[in-house]
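# Summary of structural features
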Amino acid sequence: MNQSVSPRPNQPMLFRHLGAENAHDMAGTLATIHPDCVFRDMATGQVFPGLAGAERHYRQWWTAFGNVVERNPQGVAHWLDDETYIAEPRYAGRHVGEFLGLAATGRSFVLPFTVFVKFRDGLFVEERFYYDLATLMRQLGETRIDPQALQRAQDWAAGRES
């Protein structure tokens, strides 16, 4: 991982978060997240506000994919400043649960993405994920995205059950 030479104050929290996330340890993951957080999945348009939103975000990915975040050997990771981190890791997983209306296919996938992380008070306060949703869906065997399923996912992410 390419990073600045001197460690950043939030670097230990970043590694703690990634360890808990990859272990699918919800309590450990949420312990690294600020109560005023917001998670933004830019590909789906989902916005997950607060700790309840963060939990929905992780449950969605863990339930649908059983994913693990991996460092991308060709990717980069940088601290823009003490409170902002950007990286190009990848998700690797298998489609084991429903995602955007698509029933589990059992297919494996590798999805490169870019993430921006902001910290406040030593905790994650914002994450923005950028990836190509069409690439993910193709790896799952689907060539179209159901707009109604996408709208339901956006409403659910925001805590507006449909």
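Here, the structure is the one placed above.
What counts and what doesn't
Residues numbered from 1 in each chain as written. Predicted model: local features only at pLDDT ≥ 70, side-chain atom pairs only at ≥ 80, totals over all residues. Heavy atoms only, no water. Core = buried A, V, L, I, M, F, W, Y, C linked by side-chain atoms within 4.5 Å. Buried < 20%, exposed > 50% of the residue type's maximum accessible area, 1.4 Å probe, protein only. Helix = DSSP H or I, 4+ residues; strand = E, 2+ residues; numbered from the N terminus. Contact = heavy atoms within 4.5 Å. Pairing = 2+ DSSP bridges. Axes fitted to C-alpha atoms, helices over the stretch in contact; angles between N-to-C directions. Salt bridge = Lys/Arg side-chain N within 4 Å of Asp/Glu carboxyl O.

Of all hydrophobic cores here, the largest spans 39 residues; its most connected members are F99, Y131 and L136. The element best represented in this core is helix α3 (residues 50-65), accounting for 6 residues. Not counting the four nearest positions on each side in its chain, L136 is found in contact with W61, F65, F99, F109, L111 and Y131.

If you trace the 6 strands from one edge of the open sheet to the other, you get β2-β1-β9-β8-β5-β4, paired in mixed fashion. Only two strands of the sheet have a single partner each, and these edge strands are β2 (46-49) and β4 (77-81). Across this sheet, the average inter-strand angle for adjacent strands is 15°, counted without regard to direction. Summarising the sheet, strand β1 (residues 33-41) and strand β9 (residues 123-130) pair through 5 bridges and their orientation is parallel. Looking at the pairing, F39 lines up with E127 of β9. Contacting β1, β4, β5 (84-87), β8 (114-120) and β9, helix α1 (residues 11-22) crosses the sheet at an angle of about 65° to β9.

So, about the environment of V125. By the secondary structure assignment, V125 is in strand β9. Judged by its relative accessible area of 8%, V125 falls in the buried class. In sequence terms V125 and F99 are 26 residues apart; their C-alpha atoms lie 25 Å from each other.

Further remarks concern the pattern of salt bridges. For the coordinates displayed, the defined rule picks out 6 salt bridges. Here D36 and R120 are joined by a salt bridge, their closest N and O atoms 3.5 Å apart. Here D36, found in strand β1, pairs with R120, found in strand β8; they are 84 residues apart in sequence, far enough to count as distant. Taking the relative accessible area as the measure of exposure, D36 reaches 52% and is therefore exposed. Judged by its relative accessible area of 37%, R120 is partly exposed. Between D155 and R160 there is a salt bridge; the shortest N-O distance is 3.0 Å. For D155, a relative accessible area of 16% translates into the label buried. Take R160: its relative accessible area is 47%, and that puts it in the partly exposed class.

Geometry only, nothing functional implied.
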